[in-house]
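So you can see what is in the structure, the chains are spelled out below.
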Amino acid sequence: QVQLVESGGGLVQAGGSLRLSCAASGFTFSLYRMGWFRQAPGKEREFVASIRWSGGSTNYTDSVKGRFTISRDNAKNTVYLQMNSLKPEDTAVYYCARRGSRNEYDYWGQGTQVTVSS
């Protein structure tokens, strides 16, 4: 079955960096666009970034452009989110997800907590 397992979250001071990883299994990872989302307490889940199956095309929400970088290693079935210059407003649970054949995100990981202290 499809599984997505995030790791790499934690507590960091403002201005610091974290690298999230999402290990995928149960499907042909290299065929799918993958995305990162986040949900802060009391807020709706929001899109953060996505990456095409080949890694050649990426998208970011405006608030993370220039600070976050999404990448993938198809040989390792893993997608990453490098987060630099972190701000307290980046505090959230971060989820990775697979975009399915109907252009909707159909499988989600369990999430990893990122907390940025001021």
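Just so you know, these numbers come straight off a predicted model, no measurement behind them.

A look at the state of the cysteines
Inference 1: Evaluation of the coordinates by the stated rule reveals one disulfide.
Inference 2: The disulfide partner of Cys22 is Cys96, and the S-S distance across this bridge is 1.9 Å. Handedness here is read from the sign of the S-S torsion; for Cys22 and Cys96, about 40°, the answer is right-handed. A residue pair is termed long-range when its members are at least 10 positions apart, and Cys22 in strand S3 (residues 18-25) and Cys96 in strand S9 (residues 92-99) qualify at 74 residues.
Inference 3: By relative accessible area, which is 0% here, Cys96 ends up buried.

Considering the side chain of Arg38
Inference 1: Considering the arrangement of structural elements, one finds Arg38 in strand S4 (residues 34-39).
Inference 2: Among the residues examined, Arg38 registers a relative accessible area of 5% and is labelled buried.
Inference 3: Among the polar contacts listed, one links the side chain of Arg38 to the side chain of Ser63, at a separation of 3.4 Å.
Inference 4: A polar contact of 2.9 Å, which involves the side chain of Arg38, links it to the side chain of Asp90.
Inference 5: Residue contacts for Arg38: discarding those within four places in its chain leaves Glu44, Arg45, Glu46, Val48, Ser63, Val64, Phe68, Asp90, Ala92, Val93 and Tyr94.

Conventions adopted
Numbering of residues starts from 1 in each chain and follows the order in which that chain's sequence is written. With the structure being a predicted model, the display of local features is reserved for residues of pLDDT at least 70 and the display and counting of side-chain atom pairs for 80 or more, all residues being used for whole-chain, interface and lining totals. The basis for the side-chain values is all heavy atoms of the structure; hydrogens and waters are excluded. Disulfides are defined as cysteine sulfur pairs within 2.5 Å. Here a helix means four or more residues in a row that DSSP labels H or I, a strand means two or more in a row labelled E, and each is numbered from the N terminus. Relative accessibility thresholds used throughout: buried, under 20% of the residue-type maximum; exposed, over 50%; partly exposed, between the two (1.4 Å probe, protein chains only). N or O atoms closer than or at 3.5 Å make up a polar contact, with two conditions inside protein: a donor-capable atom paired with an acceptor-capable one, and, for residues adjacent in sequence, both atoms drawn from side chains. Note on contacts: a residue pair qualifies if any of its non-hydrogen atoms lie within 4.5 Å across the two residues.

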